[in-house]
Structure formats: C-alpha cells, structure tokens
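The lines below spell out each chain.
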Amino acid sequence: MSIVDRFLTIIITATITSAVWIVAGGSLMDNASSASQIGSTRPAEAAPSPSATMAVATDSATGEETGDDPVEVAAILDTESATAPSARSTRELMIPVMNIRPDDLSDTYTDARAGGDRLHEAIDIMAPRGTSVLAAAPGTVEKLFLSKAGGKTIYVRSENGTTIHYYAHLDQYADGLVEGQRVRRGQRLGTVGSSGNASDEAPHLHFAIMRTTPEAEWWEPANALNPYPLLTRAK
Ligand SMILES: [Zn+2]
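Bear in mind that the values here come from a model prediction, so they are computed numbers and not experimental data.

1. So, the overall build of the chain
From N to C terminus, the chain includes 5 helices and 11 strands. Taken over 235 residues, the chain has a buried fraction of 27%. Sequence-distant contacts in the chain: of pairs separated by 6 or more residues, those separated by 24 or more amount to 63%.

Structure below.
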C-alpha cells in the first residue's frame, strides 16, 4: 500500500467515524429533549383527565346535568393518597334538612329569579318551619350573615377551601353556632324558616354549592353547581 493510499484510508475512516458520532449524538439529543418534554407536560395533561373522564361517565348514565363534575374531580385530586372507600364517603353530601328523602326534592336550579334576570342556581328544600337544618358536608362555619334576600344565612367552607355551602332563609341558628367553628357532616346548624325574601307560607331551606378558591373571600363571586344530582344520589 502506497503512502497516498494509506493516507486516504485514514481520512475516509476518520470521516465515517465522525459522521457516525454526529448522527448518534444528534439522535441522543433528540431523545433527551423529547424525554424531558414528556416529563414536563405529563403531570399537567394527565392529572385532571382520568378523573374527569370517570366523573363524566358516571353522570352520563343518569342524564343529569354534569355541573357536579368539579367537586368529584377536586375530591379525587385532594385525596391522592386516600383509599377509594373513605374518599367516597367523605365527599358524599347529606340532604341538609332532617327527614327529607331524595324523592321529596325537586330540581329548581335553573328556575328564573329576579324577573328572569338571573338563574336560581340553588335548590329550595321545602319543610315545615323549625325543621332541623343539617350540614351537608363537614367544614368550617366561615360566616353567619344576615342578608336582605337570604335572611339568616350560613356559609360553610370545605376543609380544602375550594367549596362553600350556603344555607339561607333560616328561622334560627343552632345554639352556640359561631364563625370559625368546625362542623361535621350532619351536624345541626339551625332551623328551616322564611327569613329574607322567602314567603311566610312556604318556609324552605335555600341551599347552594359554590366552587371557589382557598384565597377567595366568602362574598366573592364563585361558580355555582347544581346540588340536585348530588343530593338525590346521597344516602
Ligand atoms: Zn331558593
């Protein structure tokens, strides 16, 4: 082999070797960057979707409005490490009036109010004056508020801060009930009445569920969701 041939062989070998390294290195970098993309996007994409899909599937069976999905999803997300049965029992709502059965309820969520200016966005649970009002879920009494429309009202916020239950038109508050007090599911909060703008002939509990953020105050705008499907599947 001549000097020239040997020299050519060295150059060709070096060129092929570096080409292989460039291609290999390039694809390694591609893999690395796509792997890091997967790592950064997966939690955001994946976290809400499986639970949201489950909640929708459950609700589509009943044909009910699916306004309750956020609560279901939030409950699942908030109790990551909880076992399924205990997570389920803590997020089930109780009908917040003593002796009222699911069949006694009617869905008044989309009824017009204020002459059609707004929707009711709550459920009215009819019951004799003086019937006990019970906490639909555990939480903290955030505000006892006397309002022109709602009369004697109670705002109870969930432990995770994202849900407020609003009880209105009460006749009386339970003895000793104070702001900041923690209440358990089923605890007596007061009695059914017609305070505020409710008719004296039709005492009832006006019960609303509002989705909010832990930072938002009790009086700030929040997203209402329909209590009816949640209460009619309550035990
Ligand atoms: Zn009402």
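Next comes the rest of the description.
2. Examining the nonpolar core
Judged by nonpolar contacts, the single largest core of 35 residues is most densely connected at Val97, Ile123, Val133, Tyr167 and Leu205. Elements supplying a minimum of two residues to this core: β3 (123–126), β4 (132–134), β6 (151–157), β7 (163–173), β9 (188–192), β10 (204–211) and α5 (227–232). Not counting chain neighbours up to four residues away, the residues in contact with valine 133 comprise Pro96, Val97, Tyr167, Leu170, Leu189, Gly190, Thr191, Val192 and Leu205.

3. Observations concerning the environment of serine 158
As for its position among the elements, serine 158 is in the loop between β6 and β7. With sequence-adjacent residues up to four places away left out, serine 158 is seen in contact with Ala137, Gly139 and Thr163.

4. Here's the deal with the environment of valine 178
Here valine 178 lies in the loop between β7 and β8 (182–183). Residue valine 178 is classed as exposed on the basis of its C-beta count, with 8 C-beta atoms lying within 10 Å.

5. What to know about the pairing of strand β5 (residues 139–147)
If a strand is regular, its side chains alternate between the two faces of the sheet. In this structure, β5 lies alongside β8, joined through 2 bridges in antiparallel fashion. Bridged to threonine 140 within β8 is arginine 182. In this sheet, β6 lies alongside β5 in antiparallel orientation, the contact comprising 7 bridges. If you follow leucine 146 over to β6, its bridge partner there is lysine 152. With antiparallel pairing between neighbouring strands as the criterion, β5 and β6 make up a hairpin whose turn holds 3 residues.

6. Topic: the pairing of β9
Of all 5 residues in β9, 4 are buried, a share of seventy percent or more. Of the pairings in the sheet, the one linking β4 to β9 comprises 3 bridges and is antiparallel in character. Counterpart to leucine 134 in the pairing with β9 is arginine 188.

7. Quick look at the environment of alanine 202
Along the polypeptide, alanine 202 turns up in the loop between β9 and β10. Accessibility expressed as a C-beta count within 10 Å gives 11 for alanine 202, which makes it exposed. Note: C-alpha distance between alanine 202 and proline 128 (74 residues apart in sequence) is 8.2 Å.

8. Concerning the confidence of the model for the chain
For residues with low pLDDT, the predicted coordinates do not support detailed interpretation. Averaged over all residues, the pLDDT of the chain equals 76, while 60% of them reach at least 70. Segment residues 29–87: pLDDT under 50, and 36 contacts once partners within four positions in sequence are set aside and those in other chains are kept.

Calculation criteria
All residue numbers refer to position in the chain's written sequence, counted from 1. With the structure being a predicted model, the display of local features is reserved for residues of pLDDT at least 70 and the display and counting of side-chain atom pairs for 80 or more, all residues being used for whole-chain, interface and lining totals. Put simply, DSSP marks the helices as runs of H or I at least four residues long and the strands as runs of E at least two long, and each gets a number from the N terminus on. With C-beta atoms placed from the backbone, a residue is buried if 20 or more other C-beta atoms are within 10 Å of its own, exposed if 12 or fewer are, and partly exposed between those counts. Here, residues touch in the contact sense if the C-beta positions derived from the backbone fall within 7 Å of one another. Remark: nonpolar core denotes a set of buried Ala, Val, Leu, Ile, Met, Phe, Trp, Tyr and Cys residues whose joining runs through C-beta atoms within 7 Å. Paired strands, in this sense, are two strands between which DSSP finds at least two bridges. The predictor rates its confidence in each residue with pLDDT, a number between 0 and 100.

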